[in-house]
Amino acid sequence: MPSGLQATAGGPIPLARPLLGDAEERAVLAVLRSGQLSLGPRGPEFEQRFAARVGAAHASAVSSGTAGLHLALRAAGVSDGAEVITTPFSFVASANVAVYERARPVFVDIDPLTLNLDAEAAAAAVSSRTAALLPVHVFGYPADMATLEATGVPIVEDACEALGGSYADGGTIGSRGHPAVFAFYANKQMTTGEGGIVVTGDAQVKQRIDSERNQGRAPDMGWLDHDRLGFNYRLSDIACALGIAQLERLDELLAARARVAGLYRQALAQIPELTLPCEDSGRARRGWFVYVVQLPPGADRDRAVTELGTRGVAAKPYFPAIHLMSYYRERFGYRRGQFPVCEEVSERSIAIPFYPQMGEAEVTRVAQALSAALRQGRSSRVSLAAPGR
Ligand SMILES: Cc1ncc(COP(=O)(O)O)c(C=O)c1O
């Protein structure tokens, strides 16, 4: 049980839980029995099926979303001293990958509704040093690609949270031809345990990524022969087999997440001071990954998380602003006040339990616990402020 999560009637409700069954077990067992645990047939099969699913020409499976972002940025030409324009409201990996290449992550503030990077601000930040734009489809909601594409700067999409989503023009996330990276940790829409994949419309990008994930070996080279610097970012056949089995039921997994999001929207309508995830607009569709709510301004977020824990409901501050993390402050000189929308949203946001198996009873329990945690926070603020105490 995660620390801080108390056992309560009905059992603790975790933040995330993968949905795995007999098909996944059979797929993994078959690879174990085959004796070919990596660099076997499951890799290319998974890549082809995934590319077809998102409408991309090519895909390269890698060991994590982070590894995929790193290789995609290298393929986009990011290197020493360059700048990568990205969002400070994300999981830290989307900024770290620029630093891996000794580039500077240049943050811009976010849109208060979609929580994605403000595309106009990103376009305005483009300079002669800009090597790439790295939009993140935060919490599965598509970034404003048309405005970013109009800059003409190479783009790498962080789609790690966005499987199943669609852009504003209705196209499937991952189908635009830019490298787009998805991730498969066990809290994602589908999982390979750990893992990621880069999709691209460019055969040369795939070739480079395939080589760099495998120590810099060209496809026609012999064992231990390498013609460029590379990494070990391979994904095993065990993981790819799990990925194929999950891909086969992806419609079911996505539909179940959308159902839980619908249940939350209904249940949380009873707590009007919460800000819920933005609704889909036009043809844009969220690929449901997490359920993040913003507490009312001034609410004690950390206390609310603790209160939820005592009621058996897992919750996490989500996301802490990247530019305020000590590494980014010290290395790049970022400071509080630079991205006020991100900072405010970040201080108020928590992820609450969200996984496909959640039923109405669990959603109701989470909503009741959240309501109680907010009431508790209000009464303690009132009593602290009361004169004479
Ligand atoms: C927005 C974003 N970028 C990158 C990553 C990194 O993926 P991984 O954990 O597979 O390296 C994640 C994973 O949680 C993510 O949410």
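Refer to the structure presented above.
Computed from a predicted model, the values in this text were never measured in an experiment.

Let's talk about the packing of aromatic side chains
Applying the stated rule across the entire model yields 20 aromatic pairs. Seen in terms of ring centroids, tyrosine 327 and tyrosine 328 are 5.5 Å apart; in terms of plane orientation they differ by 80°. Their pairing is edge-to-face. According to the relative accessible area criterion, tyrosine 327 is partly exposed, its value standing at 41%. Overall, the relative accessible area of 2% leaves tyrosine 328 in the buried class. Following the ring pairs from residue to residue traces out a cluster consisting of Phe107, Tyr327, Tyr328, Phe332, Tyr334 and Phe339. When the ring centre of tyrosine 167 is taken as origin, the NZ or CZ atom of arginine 176, which lies over that ring, is 4.5 Å away. A cation sits over an aromatic face here: arginine 286 above tryptophan 288, 5.0 Å from the ring centre.

Comments concerning the packing of helix H3 (residues 65–75) against helix H4 (residues 93–100)
Two elements in contact, H3 and H4, have axes whose closest approach is 9 Å; the angle formed by their N-to-C orientations is 45°. Overall, the two elements H3 and H4 adopt an arrangement that is oblique. Crossing handedness for the pair H3 and H4: right-handed. Contacts between H3 and H4 pair Thr66, Leu69, His70 and Leu73 from the former with Ala93, Ser94, Val97, Ala98 and Tyr100 from the latter. Its residues assigned to classes, the contact of H3 with H4 shows 6 nonpolar, 3 polar and no charged.

A closer look at the site of the ligand
With respect to spatial proximity, 14 residues lie near the ligand, and among them Gly65, Thr66, Asp158, Glu161 and Lys188 are the closest. Between an oxygen atom of the ligand and a side-chain N or O atom of threonine 66, the distance comes to 2.4 Å. Residue lysine 188 places a side-chain N or O atom 2.7 Å away from an oxygen atom belonging to the ligand. Relative to its unbound accessible surface of 380 Å², the ligand loses 91% to contact with the protein. Sorting elements by how many residues they give to the shell around the ligand places H3 first, with 3 residues. For the shell around the ligand, the per-class residue count stands at 6 nonpolar, 5 polar and 3 charged.

Looking at the sheet that holds strand S8 (residues 291–294)
If you trace the 3 strands from one edge of the open sheet to the other, you get S8-S10-S9, paired in antiparallel fashion. Edge positions in the sheet fall to S8 and strand S9 (316–317), since each of these pairs with one other strand and no more. Strand direction decides the pairing type here: S9 and strand S10 (residues 349–352), joined by 2 bridges, are antiparallel. In the sheet register, lysine 316 faces S10, and the bridge partner there is alanine 351. Taken strand by strand, helix H12 (residues 340–348) contacts S8 and S10, and its axis lies near 45° from that of S10.

Remarks on the pairing of strand S7 (residues 196–200)
In terms of residue burial, S7 counts as a mostly covered element, since 5 of its 5 residues are buried. Here S7 shows two buried faces, one formed by Gly196, Val198 and Thr200 and the other by Ile197 and Val199. Sheet topology places strand S1 (residues 58–62) next to S7; 5 bridges connect them, and they run antiparallel. Within S7, the residue paired with histidine 58 across the bridge is threonine 200.

Structural notes on the pairing of strand S6 (residues 180–183)
Side chains Ala180 and Phe182 project from S6 onto one buried face, and the interleaved Val181 and Ala183 project onto a second face that is buried too. Across 2 bridges, the pairing between strand S5 (residues 157–158) and S6 is parallel. Within S6, the position partnered with aspartate 158 by the bridge is valine 181. Sheet analysis places S6 next to S7, joined by 4 bridges and oriented antiparallel. Bridged to valine 181 within S7 is valine 198.

Criteria and cut-off values
- Here, residues in each chain are numbered from 1, in the same order as that chain's written sequence.
- With pLDDT at 70 or above as the cut-off, local features in this predicted model cover only qualifying residues; side-chain atom pairs require 80 or more to be listed or tallied, and sums for whole chains, interfaces and linings still use all residues.
- Hydrogen atoms and water are omitted, and side-chain values are computed over all heavy atoms in the structure.
- Stacked, tilted and edge-to-face are the three classes assigned to paired rings of Phe, Tyr and Trp, where Trp is represented by its six-membered ring and a pair needs centres within 6.5 Å; plane angles under 30 degrees give stacked, over 60 edge-to-face, the rest tilted.
- Note on exposure labels: buried denotes an accessible area under 20% of the residue type's maximum, exposed denotes more than 50%, and partly exposed covers the range between, all computed with a 1.4 Å probe on protein chains only.
- In this analysis the charged atom, NZ for Lys or CZ for Arg, is taken to sit over a ring once it is within 6 Å of the ring centre and within 35 degrees of the ring normal.
- Every axis corresponds to a line fitted to the C-alpha atoms, with the helix fit spanning only the stretch in contact, and the corresponding angles, defined between N-to-C directions, vary from 0 to 180 degrees.
- For helices the rule is a DSSP run of H or I covering at least 4 residues; for strands it is a run of E covering at least 2, with both sets numbered from the N terminus onward.
- Throughout this description, any angle smaller than 35 degrees is read as roughly parallel, any larger than 145 degrees as roughly antiparallel, any in the 65 to 115 degree range as roughly perpendicular, and the remainder as oblique.
- Crossing chirality is assigned from the near helix's rotation relative to the far helix, an anticlockwise turn below a right angle marking it left-handed and a clockwise turn marking it right-handed.
- Residues are treated as being in contact if the distance between any of their heavy atoms lies within 4.5 Å.
- All residues other than Ala, Val, Leu, Ile, Met, Phe, Trp, Tyr, Cys, Pro, Asp, Glu, Lys and Arg, Gly among them, are scored as polar; the first ten of these are nonpolar and the last four charged.
- Whether a residue is near a molecule or strand is decided by its heavy atoms; if any one of them lies within 4 Å of it, the residue is near.
- N or O atoms closer than or at 3.5 Å make up a polar contact, with two conditions inside protein: a donor-capable atom paired with an acceptor-capable one, and, for residues adjacent in sequence, both atoms drawn from side chains.
- Accessible areas in this description were obtained via Shrake-Rupley with a 1.4 Å probe; residue shielding takes into account the shown protein chains only.
- Two strands qualify as a pair provided that DSSP identifies no fewer than 2 bridges between them.

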